[in-house]
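Geometric and topological summary
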Amino acid sequence: QVQLEESGGGLVQAGGSLRLSCAGSGCTLSTYAMGWFRRAPGKEHEFVGAISWRGNTNYADSVKGRLTNYRDNAKNTVYLRMNSLKPEDTAVYYCAAGNSNDYTKTYNYERWGRGTQVTVSS
């Protein structure tokens with residue numbers, strides 16, 4: 001099993017930046033595809049980005065060019081660097097670990113963190 005814990009969320013003004021972290025325990029995250037999803041109030045999970053076990057990345061069109069997903073395997077941690085944040089980015093952000101190539105779908109992932117709140121004010 002993989003235990004995941006997100007951190008780094010908070011309140012920022014539009015145009016600001018945050019770096020979210022997803023720390024793993026119980027297994028090495030480098031052997032999994034790692035996805036980021038977000039959930040705004042009253043909505044379902046929305047795909048944000050993913051990174052494969054080899055380091056290839058994929059992003060939703062809504063965040064492409066503003067967000068960067070990367071790994072630090074020595075720390076068993078995945079990061080999501082978020083720049084030029086917009087109010088519509090406000091949501092709870094979750095990281096998840098999976099083992100298939102259907103990166104944009106929630107069913108691709110076996111384990112989920114508890115989430116970290118990101119709030120962007122205008």
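Here's what I pulled together on the structure shown here.

How each quantity is defined
Residues numbered from 1 in each chain as written. Predicted model: local features only at pLDDT ≥ 70, side-chain atom pairs only at ≥ 80, totals over all residues. Heavy atoms only, no water. Helix = DSSP H or I, 4+ residues; strand = E, 2+ residues; numbered from the N terminus. Buried < 20%, exposed > 50% of the residue type's maximum accessible area, 1.4 Å probe, protein only. Polar contact = N/O pair within 3.5 Å; in protein donor to acceptor, adjacent residues only side chain to side chain. Contact = heavy atoms within 4.5 Å. Core = buried A, V, L, I, M, F, W, Y, C linked by side-chain atoms within 4.5 Å.

1. A short note on the side chain of Thr116
Looking at the element boundaries, Thr116 is found in strand S11 (residues 116-121). With a relative accessible area of 10%, Thr116 lands in the buried category. Within polar-contact distance, the side chain of Thr116 engages the backbone nitrogen of Gly9 at 3.1 Å. Contacts of Thr116, omitting those with residues within four sequence positions, involve Glu6, Ser7, Gly8, Gly9, Leu20, Ala91, Val92 and Tyr93.

2. Notes on the nonpolar core
Ranked by size, the top nonpolar core spans 33 residues in total, and within it Leu4, Met34, Trp36, Leu80, Met82 and Tyr93 carry the most contacts. Counting only elements with at least two residues in this core, the list comes to strand S3 (18-25), strand S4 (33-39), strand S5 (46-51), strand S8 (77-82), strand S9 (91-98) and S11. Ranked by residue count, the leading element in this core is S9, at five residues. In this view, Met82 contacts Gly16, Ser17, Leu18, Leu20, Arg66, Leu67, Tyr93 and Val118; residues no more than four positions away in its chain are not counted.

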